[in-house]
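Reading the structure
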Amino acid sequence: VGGDIDELTWADRFYETILQANANAHWIGRDQVSDALFTEFGEQDILAARAIADVDGEYLQNFLDDILDGRYDDEDGLLDNDKILQRQRLYMSKSRGLAAAGAVDNLGLDVEITWHLGAVEKHCVECPQLAGMSPFFRDDLFTTPGSCDTPCLGNCKCHLSFIHNGERVETIKPATQYRDWE
């Protein structure tokens, strides 16, 4: 928007930002269920992040194409920062889902996982269904809240919980207020 970089440079930098956010999110989730006092960031986190970022690469290309085609231009033909930030937030919000996936992937096979509905009054169709299907086990849970795999695209306050080492653990809940989903 400021004109200091071109669109391709922005896309490359944004891809790296997505990759870094996802790697850190996976590490945080994995750390939630580690028996160690502190879990080191590692290759497992980078590989999980790269898998998500590579899938998002196609969507990022579409985002770049939309920018180049003028979809995010204002009335004066200038880039609209607010519209671009709104779409960028969708990519970054997926890191909450990857943090939950990092925790789930590192649970024992016999740990029961419960999907909790968020605080919004209106939910997408799938989140209540997933909550109603609880409990899940690691190999049965095919998505996590925030992964953008449900119609609400992670615009919910749903989260997971499970018992780990005798204590109830809850995955990361969104800190911001999301709009109701219709």
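For the structure, see preceding data.
Residues numbered from 1 in each chain as written. Predicted model: local features only at pLDDT ≥ 70, side-chain atom pairs only at ≥ 80, totals over all residues. Heavy atoms only, no water.

1. Regarding the pattern of salt bridges
Where side chains of opposite charge bring their charged atoms close, a pairing between them can arise. How we decide: Salt bridge criterion: a side-chain nitrogen from Lys or Arg within 4 Å of a carboxyl oxygen from Asp or Glu. The way it works is that DSSP assigns letters per residue, a run of H or I at least four long becomes a helix, a run of E at least two long becomes a strand, and they are numbered from the N terminus.
Tallied over the entire structure, the rule returns six salt bridges. With a shortest N-O distance of 2.9 Å, aspartate 56 and lysine 94 are connected by a salt bridge. Placement of the pair is aspartate 56 in helix H2 (residues 43-68) and lysine 94 in helix H3 (residues 81-105), with a sequence separation of 38 residues. By sharing partners, the salt bridges in this structure join Asp66, Arg71 and Arg87 into a single network.

2. Some points on the side chain of threonine 150
For clarity, the threshold we go by: Each residue's exposure class comes from its accessible area (1.4 Å probe, protein chains only) as a fraction of the maximum for that residue type: buried when under 20%, exposed when over 50%, partly exposed otherwise. Contacts: residue pairs with any heavy atoms within 4.5 Å of one another.
With respect to the secondary-structure elements, threonine 150 resides in the loop between helix H4 (126-133) and strand S2 (159-164). The exposure class assigned to threonine 150 is buried, which follows from its relative accessible area of 8%. The contacts of threonine 150, once residues within four sequence positions are left out, are Cys124, Glu126, Cys127 and Leu130.

3. Some points on the packing of aromatic side chains
What describes a pair of aromatic rings is the distance from one ring centre to the other and the angle between the planes of the rings. So the rule is basically this: Geometry of aromatic contacts follows a simple scheme: Phe, Tyr and Trp rings, the Trp one being its six-membered ring, pair when their centres are within 6.5 Å, and the pair is stacked under 30 degrees between planes, edge-to-face over 60, tilted otherwise.
Per the stated rule, a full pass over the model turns up seven aromatic pairs. Where phenylalanine 14 meets phenylalanine 63, the ring centres are 6.5 Å apart and the plane angle is 85 degrees; that geometry is what we call edge-to-face. Of this pair, phenylalanine 14 sits in helix H1 (residues 7-32) while phenylalanine 63 sits in helix H2, placing them 49 residues apart in sequence. Phenylalanine 63 carries the same exposure label as phenylalanine 14, and that label is buried. Ring centres of phenylalanine 63 and tyrosine 91 lie 5.8 Å apart, and the angle between their planes is 5 degrees; this geometry places the pair in the stacked category. Of this pair, phenylalanine 63 sits in helix H2 while tyrosine 91 sits in helix H3, and the two are 28 residues apart along the sequence. Here tyrosine 91 falls in the buried class, since its relative accessible area comes to 6%.

4. Points about the sheet that holds strand S3 (residues 167-170)
To keep things clear, this is the line we draw: Two strands form a pair only when DSSP identifies at least two bridges running between them. In this description, a line fitted to the C-alpha atoms serves as the axis of each element, helices being fitted only across the stretch in contact, and the angle between N-to-C directions of two axes falls anywhere from 0 to 180 degrees.
Taken together, three strands build an open sheet; the order of strands is S1-S2-S3 and the sheet is antiparallel. Either end of the sheet is taken by a strand with one partner, and the two such strands are strand S1 (113-116) and S3. Put simply, the sheet's adjacent strands are angled 25 degrees from each other on average, direction ignored. Pairing between S1 and S2: four bridges, direction antiparallel. Residue pairing across strands places tryptophan 115 opposite leucine 160, the latter belonging to S2.

5. Looking at the state of the cysteines
Worth spelling out the cut-off: In this description, the term disulfide denotes a pair of cysteine sulfurs within 2.5 Å.
Summed over all chains, the structure comprises zero disulfides. Counting only cysteine sulfurs, cysteine 152 is the nearest neighbor of cysteine 148, a cysteine outside any disulfide, at a range of 8.1 Å. Between cysteine 158, a free cysteine, and cysteine 156, which holds the nearest cysteine sulfur, the sulfur-to-sulfur gap is 3.7 Å.

6. Remarks on the pairing of S3
Bridge count for S2 against S3 is four bridges, and the pairing is antiparallel. Paired with isoleucine 163 across the bridge in S3 is arginine 168.

7. Let's talk about the packing of H1 against H2
Let me state the cut-off plainly: Just so you know how the angles are binned, under 35 degrees is roughly parallel, over 145 roughly antiparallel, 65 to 115 roughly perpendicular, and the rest oblique. Left-handed describes a crossing in which the near helix is turned anticlockwise from the far one by less than a right angle; the clockwise case is right-handed. Side-chain classes follow a simple rule in which Ala, Val, Leu, Ile, Met, Phe, Trp, Tyr, Cys and Pro form the nonpolar group, Asp, Glu, Lys and Arg form the charged group, and the remainder, Gly included, forms the polar group.
Two elements in contact, H1 and H2, have axes whose closest approach is 8 Å; the angle formed by their N-to-C orientations is 150 degrees. Taken as axis vectors, H1 and H2 run roughly antiparallel relative to one another. As for the relative orientation of H1 and H2, their crossing is right-handed in sense. Class assignment of the residues belonging to the contact of H1 with H2 gives a composition of 19 nonpolar, three polar and six charged.

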